[in-house]
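Residue strings, one per chain:
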Amino acid sequence: MDPNVWALIIAVAALLIDLTIRIIAIIVVPRNRRPTAATAWLLAIYFIPYIGVLLFLLIGNPRLPRARRKKQDLINETIAEVTKDLHLGRSDAEMPESLASLVRMNQRLGALPLFGDNGAHLISDYQASLDAMADAIRDATEFVHVEFYILQSDASTDNFFRAMEETAARGVPVRVLLDHWANRWKPRYKQTIARLDAMGADWHLMLPVQPLKGRTQRPDLRNHRKLLVVDNEVAFLGSQNVTDSTYNLPKNIKRGLHWVDLMVRVDGPVVGSVNAVFLSDWYSETDDVPDSVAFAPTESGSGDLDCQIVPSGPGFEAENNLRLFLGLLYAAERKIMIVSPYFVPDEALLLAVSTACDRGLQVELFVSEEGDQAIVYHAQRSYYEALLRAGVRIWMYRKPYILHTKSLTIDDDVAVIGSSNMDMRSFGLNLEISMLVRGEEFVRELREVEDRYRSLSRELTLEEWMQQPLRSTVLDNLARLTSSLQ
């Protein structure tokens, strides 16, 4: 056949394939997806059709596999049944309806109720939090449940690991969950696993990507939770991983980067809720529930705080954390303080923040001056102008420190602390844990941390921001587009 005819046939076939891809994309991509995410995917597929399709097939599904979601549904039903008549320590009569309705929403979406009579205290020193968790582990008599996005045995965490070793040697079960993708390529992974094996810990990888073992899902769906439960008596949760503040990464050490984090130690009935989150993840990864360990709230703790655990992630039908944040932002009456290392809002969150400013509220945002993840860093920067024009005061924690704390305080008596950033990844792709706290004494404690962050930050002004070079604006806007790919 004439080469020109072959060339024509190939060109027509390529055109038909390209047209087919575009038509199918219009039908498939927007379904049950945010308009911004759908638009970003369609742009990728239209401009780079073959690469765009491959990326969509690889990371286009933001949901966990159906079997995993069914497990979450079963867990929620079990927790709801166990807790339906539990109202330990709650002071509903004194709770404003705006907050009470959010509590009901949280329980409907995440199954876990609000409990009163809890104690909660912040630990803002990085090494002190690791050592406090080690002390709690050494006091264990029934079990130790460890679940962290990143878990590394190194000089900073040696006391934590020694505590697990000593406790396991006494015959106390030590159960450990760590995220697969977040740890597999980090330094000291093999040493960490070897140490867990040597101590006799029962450990498992969370959301493993192991195709040869039949364990696959979208590879960037991650379990981002950080929590520790000891004997259903005390728990820790927050933003900090169990690793050195440099994460032992050569690039961080070369740049002098250190992470700044915040953990909270809790006791009281809410500890059972933290344990319920651990057990749900344990069951999801192992198909097993440990004998004699169950969701069991204690009678009372060392304080009188109302606390509610809010789990979220792609195993749930709704974005539980985003809905909580939106509800609190609209319920605020005077002051909103947001600490989020990765602040990449969707339209609803950006509108809620700007509306708070329009209502005359004091709104402040704490971020890092320097970023550790280029795409997220630039995507976040793309929102600064809109935030500054709305009236948000932006505080940039001075480099070489990465402010990694995730917290929200509303007025003088409500706060949220946990592992969830205010970005689209934490809302849709990561499994997170957040704790809603009602109590003036806890908010005062968190305000002291915010004041310290402010003293170590510099304020970004609109005048300064408008001097940004064009190349930075282009990078920021490109990163903003990619951040919508969910």
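Rules of the game
Residue positions within a chain follow its written sequence, with the count starting from 1. pLDDT decides what is reported in this predicted model: residues at 70 or higher carry local features, side-chain atom pairs at 80 or more are listed and counted, and totals for whole chains, interfaces and linings draw on all residues regardless. Hydrogens and water molecules were not included; the side-chain quantities draw on all heavy atoms of the structure. Comment: elements are numbered from the N terminus, with helices defined as DSSP H or I runs of at least four residues and strands as E runs of at least two. Type-normalised accessible area, obtained with a 1.4 Å probe on protein chains alone, sets the label of each residue: buried when under 20%, exposed when over 50%, and partly exposed for intermediate values. A helix is expected to span 1.5 Å for every residue after the first. Residue contacts are counted whenever heavy atoms from the two residues lie within 4.5 Å of one another. Whenever two N or O atoms come within 3.5 Å, that pair is a polar contact, provided that in protein one can donate a hydrogen and the other can accept it, and provided that, for residues adjacent in sequence, both atoms are side-chain atoms. For this analysis, a ring pair means two rings from Phe, Tyr or Trp (six-membered ring only for Trp) whose centres lie within 6.5 Å, classed as stacked if their planes differ by under 30 degrees, edge-to-face if by over 60, and tilted for the remaining angles. Two limits define a charge over a ring: the Lys NZ or Arg CZ must be within 6 Å of the ring centre, and within 35 degrees of the ring normal. Whenever Lys or Arg places a side-chain nitrogen within 4 Å of a carboxyl oxygen from Asp or Glu, that contact is recorded as a salt bridge. The rule for pairing is simple: two strands pair if DSSP sees at least two bridges between them. Note on definitions: angles span 0 to 180 degrees between N-to-C directions of axes, and those axes are lines fitted to C-alpha atoms, for helices only across the stretch in contact. Helix crossings fall into two classes, left-handed where the near helix is turned counterclockwise from the far one by less than a right angle and right-handed where it is turned clockwise. Amino acids are sorted into nonpolar (Ala, Val, Leu, Ile, Met, Phe, Trp, Tyr, Cys and Pro), charged (Asp, Glu, Lys and Arg) and polar (every other residue, Gly among them). Nonpolar core, defined: a set of buried Ala, Val, Leu, Ile, Met, Phe, Trp, Tyr and Cys residues in which side-chain atoms within 4.5 Å join the residues together. Orientation labels follow simple angle bins: below 35 degrees gives roughly parallel, above 145 gives roughly antiparallel, 65 to 115 gives roughly perpendicular, and whatever is left gives oblique.

1. Side note on the overall build of the chain
Then step 1. A tally of regular secondary structure across the chain gives 19 helices and 18 strands.
Then step 2. For the chain, the proportion of its 486 residues judged to be buried stands at 57%.

2. As for helix α5 (residues 97-110)
Then step 1. In a regular helix each residue adds 1.5 Å, so 14 residues correspond to 20 Å; α5 covers 19 Å between its end C-alpha atoms and thus fits that length.
Then step 2. Inspection of α5 places Leu99, Ala100, Leu102, Val103, Met105, Asn106 and Gly110 among the buried residues, and these make up the whole buried set.
Then step 3. Buried residues along α5 sit in contact with α4 (66-83), β1 (114-123), β10 (305-312), α12 (320-331), β16 (414-418) and β17 (430-438).
Then step 4. Positive backbone phi, at 80 degrees, marks Ala111, one or two positions downstream of α5.

3. Points about the environment of Glu364
Then step 1. Positionally, Glu364 belongs in strand β12 (residues 362-368).
Then step 2. Distance from Glu364 to Arg454, taken between C-alpha atoms, is 10.0 Å for residues 90 residues apart in sequence.
Then step 3. In this structure Glu364 touches Ile336, Met337, Ile338, Val392, Arg393, Trp395 and Arg454, once residues within four positions along its chain are discounted.
Then step 4. A polar contact of 2.9 Å, which involves the side chain of Glu364, links it to the side chain of Trp395.
Then step 5. A distance of 3.0 Å separates the side chain of Glu364 from the side chain of Arg454, its partner in a polar contact.

4. Describing the packing of aromatic side chains
Then step 1. Enumeration over the complete set of coordinates arrives at 8 aromatic pairs.
Then step 2. Arranged with centres 4.7 Å apart and planes meeting at 35 degrees, the rings of Tyr247 and Trp259 form a pair that is tilted. Here Tyr247 is found in the loop between β7 (234-238) and α10 (250-255), whereas its partner Trp259 is found in strand β8 (residues 258-260), with 12 residues between them in sequence. Considered together, Tyr247 and Trp259 belong to a single accessibility category, that of buried residues.
Then step 3. Sitting above the plane of the Trp185 ring, Arg184 keeps its charged end 5.0 Å from the centroid.
Then step 4. Here Arg480 stacks its cationic end above the ring of Tyr383, 3.9 Å away from the centre of that ring.

5. Some points on the pattern of salt bridges
Then step 1. Under the criterion given, the structure shown has 21 salt bridges.
Then step 2. In this structure, Arg454 engages Glu364 in a salt bridge whose closest nitrogen and oxygen atoms are separated by 3.0 Å. Here Glu364 lies in strand β12 and Arg454 lies in helix α17 (residues 440-455), a separation of 90 residues in the sequence.
Then step 3. By relative accessible area, which is 3% here, Glu364 ends up buried.

6. Describing the pairing of strand β13 (residues 393-397)
Then step 1. The element β13 is extensively covered by neighbouring structure, given that 4 of its 5 residues are classed as buried.
Then step 2. Here 5 bridges tie β12 to β13, and the two strands are oriented parallel to one another. Following the sheet pairing, Phe366 is matched in β13 by Trp395.
Then step 3. Pairing of β13 with strand β18 (residues 457-460) involves 4 bridges; the strand directions are antiparallel. Bridging across to β18, Tyr397 finds its partner in Ser457.

7. Focus: α12
Then step 1. Look at α12: 17 Å from first C-alpha to last across 12 residues, which is about the 16 Å you get at 1.5 Å a residue.
Then step 2. Counting buried positions along α12 yields 9 of 12 residues, so the element is predominantly enclosed.
Then step 3. Every buried residue of α12 is accounted for by Asn320, Asn321, Leu322, Leu324, Phe325, Leu326, Gly327, Leu328 and Leu329.

8. As for the packing of α4 against helix α11 (residues 270-286)
Then step 1. Running from amino to carboxyl end, α4 crosses α11 at an angle of 145 degrees, the nearest separation of the two axes being 10 Å. Here α4 runs over α11; the crossing is right-handed. In this structure, α4 contributes Arg68, Lys71, Leu74, Ile75 and Ile79 to the contact, and α11 contributes Ala276, Ser280, Asp281, Tyr283, Ser284 and Glu285.
Then step 2. Grouping the constituent residues of the contact of α4 with α11 by class yields 5 nonpolar, 2 polar and 4 charged.

9. Some thoughts on the nonpolar core
Then step 1. By size, the foremost hydrophobic cluster in this structure holds 48 residues, and its most contacted members are Leu328, Ile336, Leu387, Ile394 and Leu408.
Then step 2. Each residue touching Leu408, except ones within four places of it in the same chain, is listed here: Phe325, Leu328, Leu329, Ile336, Met337, Ile338, Val414, Ala415, Val416 and Met422.
Then step 3. Among the nonpolar cores identified, the runner-up in size contains 44 residues, and Val271, Leu305, Met337 and Met435 belong to it.

10. Details of the packing of α5 against α12
Then step 1. Axis separation between α5 and α12 bottoms out at 10 Å; the angle between their running directions is 175 degrees. One way to sum up the angle between α5 and α12 is to call them roughly antiparallel. Counted together, Ser98, Leu99, Leu102, Met105, Asn106, Leu109 and Gly110 of α5 and Asn320, Arg323, Leu324, Gly327, Leu328 and Ala331 of α12 form the full contact between these two elements.
Then step 2. Residue composition of the contact of α5 with α12, by class: 7 nonpolar, 5 polar and 1 charged.

11. A word on unusual backbone geometry
Where the residue is not glycine, phi is negative for most of them; where a peptide bond is considered, it is trans in most cases.
Then step 1. In this structure, Pro400 follows Lys399 across a cis peptide bond, with omega equal to 15 degrees.
Then step 2. Structurally, Pro400 can be placed in the loop between β13 and β14 (401-403).
Then step 3. Of note, Asn248 is a non-glycine position whose phi angle comes to about 60 degrees, a positive value.
Then step 4. With respect to the helices and strands, Asn248 occurs in the loop between β7 and α10.
Then step 5. Asn248 sits in the buried class, given a relative accessible area of 18%.
Then step 6. Of note in this structure, Asp287 is not a glycine but carries a positive phi near 60 degrees.
Then step 7. Secondary-structure assignment places Asp287 in the loop between α11 and β10.

12. Some remarks on the environment of Arg458
Then step 1. With respect to the secondary-structure elements, Arg458 resides in strand β18.
Then step 2. Separated by 89 residues in the primary sequence, Arg458 and Glu369 place their C-alpha atoms 8.4 Å from one another.
Then step 3. Contact partners of Arg458, with chain neighbours within four places excluded, come to Glu369, Ile394, Trp395, Met396, Arg398 and Glu464.

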